[in-house]
Amino acid sequence: MLELILKGRPRFYLWLCFLGAIFGLGFIVYIFQANIGLAITGMSRDVSWGLYIAQFTYFVGVAAGAVMLVLPAYFHHYEKFKRIIIFGEFMAVGAVIMCMLFIVVDLGQPQRALNVLLHPTPNSVMFWDMTVLFGYLLLNIIIGWVTLEAARNDVKPPKWIKVLIYISIIWAFSIHTVTGFLYAGIPGRHYWLTAIMAARFLASAFCSGPAILLLLLMAVRRVTGFEPGREAMKTLSTIITYAMCVNVFFYLLEIFTAFYSGIPGHQHSILYLFTGHDGHMAWINSWMWTAVVFAVLSLAQGQADRRLAQSSWSAVTGYYQADCQAQEILSRLRAGERPQGVTE
């Protein structure tokens, strides 16, 4: 099956060249960082985490979001997702690999990553984060490969793979929970020092991960003609909407706790993100307010979709009822009866 990876149309090869160019550019920049050091990133002792850790956290969420396909398909036997579940499995594989690569470049010296394996410390959250990520990567590779091979041969997957699938569902919750503990366990960062951080991570993962998958399916449908199914994509959109509602609700809880309690440390972090600090880093405020606008629009769009669905359903049922009544009236007229309300 691997022989099919490099087979495709000319535009497929152009796409591979484009991705290869981006990869080469990133590798050249990494060579500069390896020679000069992490000072080239602008990070310091006070700001020890930057874009690398932010992307690591995001891709952990993308990987965990794949469970929103697996859970309905295997726990609730929602057959509509069976056709697209392989996309979710392999998207999780790619996302976990990206997570690990961002950690490697963030360390400065890649060989330091071996210290987690050579000198394991079970009391370290980083050790458990690496453990759950490796485990989730291995599970998704096995599950994705076996199910893809079964789909290719038009046979059912072996029964033993379901055991790994059920384990992967629980494991998916663990990878973003442990990542949330990485943030929540830092007492010097008040914005992250909250018991609901892991829950917020999961809620955001369950809307951002399926959202990326939905965009991927739309692109695949347009480019290859693969039809994921209208009902499956509609259900996936509903899952994204509900997860986004929970995500926004959790964030509003943080805002209430920070400002109602009057804790300065919690207030300053939120004020810095949305209003800035003496004019510094104003671009962050623009991004935060842009995120707020898009969050509201996404919820409004979900509400509009539900209203459209309800209106469509009312129109269909109303037409059906009118048609039934018309058929009843016609049958009575043919029988020589005059239904009530019908005049000559």
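Just so it is clear, the structure is predicted and the values come from calculations on it, not from any experiment. (Residues numbered from 1 in each chain as written. Predicted model: local features only at pLDDT ≥ 70, side-chain atom pairs only at ≥ 80, totals over all residues. Heavy atoms only, no water.)

Participant: Lay out the packing of helix 8 (residues 197-224) against helix 9 (residues 230-261) in plain terms, naming residues and giving numbers.
Facilitator: To describe two helices that pack against each other, one gives the angle between their axes and the distance between the axes. The contact between helix 8 and helix 9 brings their axes to 8 Å, and the two run at 150 degrees. Taken together, the axes of helix 8 and helix 9 lie roughly antiparallel to each other. Here helix 8 and helix 9 pass one another in a crossing that is left-handed. Of the residues belonging to the contact of helix 8 with helix 9, the class tally is 19 nonpolar, three polar and three charged. (Axes fitted to C-alpha atoms, helices over the stretch in contact; angles between N-to-C directions. Helix = DSSP H or I, 4+ residues; strand = E, 2+ residues; numbered from the N terminus. Parallel < 35°, antiparallel > 145°, perpendicular 65-115°, else oblique. Left-handed = near helix turned anticlockwise from the far one by under 90°. Nonpolar A, V, L, I, M, F, W, Y, C, P; charged D, E, K, R; others polar.)

Participant: Explain the packing of aromatic side chains to me, using residue names and the numbers behind them.
Facilitator: The tally for this structure, following the rule as stated, stands at 18 aromatic pairs. Centre to centre, the rings of Trp49 and Tyr183 are 5.4 Å apart; their planes meet at 65 degrees, and the pair counts as edge-to-face. With Trp49 in the loop between helix 1 (10-36) and helix 2 (51-65) and Tyr183 in helix 7 (residues 160-184), the pair connects residues that are 134 residues apart, well separated along the chain. Look at Trp49 and you get partly exposed, because its relative accessible area is 30%. (Phe/Tyr/Trp six-rings, centres within 6.5 Å; stacked < 30°, edge-to-face > 60°. Buried < 20%, exposed > 50% of the residue type's maximum accessible area, 1.4 Å probe, protein only.)

Participant: Which residues make up the nonpolar core, and what are the values?
Facilitator: Phe56, Phe81, Tyr136 and Ile175 are the most contacted members of the largest nonpolar core, which totals 65 residues. Secondary structure elements with two or more residues in this core: helix 2, helix 3 (67-75), helix 4 (85-107), helix 6 (125-152), helix 7, helix 8 and helix 9. Considering each element in turn, this core owes the most residues, 12 residues, to helix 4. Each residue touching Tyr136, except ones within four places of it in the same chain, is listed here: Ala63, Ala64, Ala66, Ala92, Val96, Ser168, Trp171, Ala172 and Ile175. Ranked by size, the runner-up nonpolar core spans six residues in total, among them Ala258, Ile270, Phe274 and Ile284. (Core = buried A, V, L, I, M, F, W, Y, C linked by side-chain atoms within 4.5 Å. Contact = heavy atoms within 4.5 Å.)

Participant: Residue-level account of the packing of helix 2 against helix 7, with values.
Facilitator: Closest axis-to-axis distance for the helix 2/helix 7 pair is 8 Å, and the angle between their directions is 155 degrees. As the angle between them shows, helix 2 and helix 7 are arranged roughly antiparallel. Helix 2 and helix 7 meet at a crossing whose hand is left-handed. From helix 2, Ile53, Phe56, Thr57, Val60, Gly61, Ala63 and Ala64 reach across to helix 7, where they touch Ala172, Ile175, His176, Thr179, Leu182 and Tyr183. Of the residues in the contact of helix 2 with helix 7, the class split is nine nonpolar, four polar and no charged.

Participant: I'd love a proper account of helix 3, names of residues and values included.
Facilitator: Judged by how many residues are buried, helix 3 sits mostly within the fold: eight of nine residues are covered. Residues of helix 3 that are buried: Val67, Met68, Leu69, Val70, Leu71, Pro72, Ala73 and Tyr74.

Participant: An account of unusual backbone geometry is requested, with residue identities and associated values reported.
Facilitator: Trans is the common state for peptide bonds, and a negative phi is the common state for residues other than glycine. For Asp154, which is not glycine, the phi torsion reads 55 degrees and is therefore positive. Note that Asp154 resides in the loop between helix 6 and helix 7. Residue Asp154 is classed as exposed on the basis of its relative accessible area of 71%.

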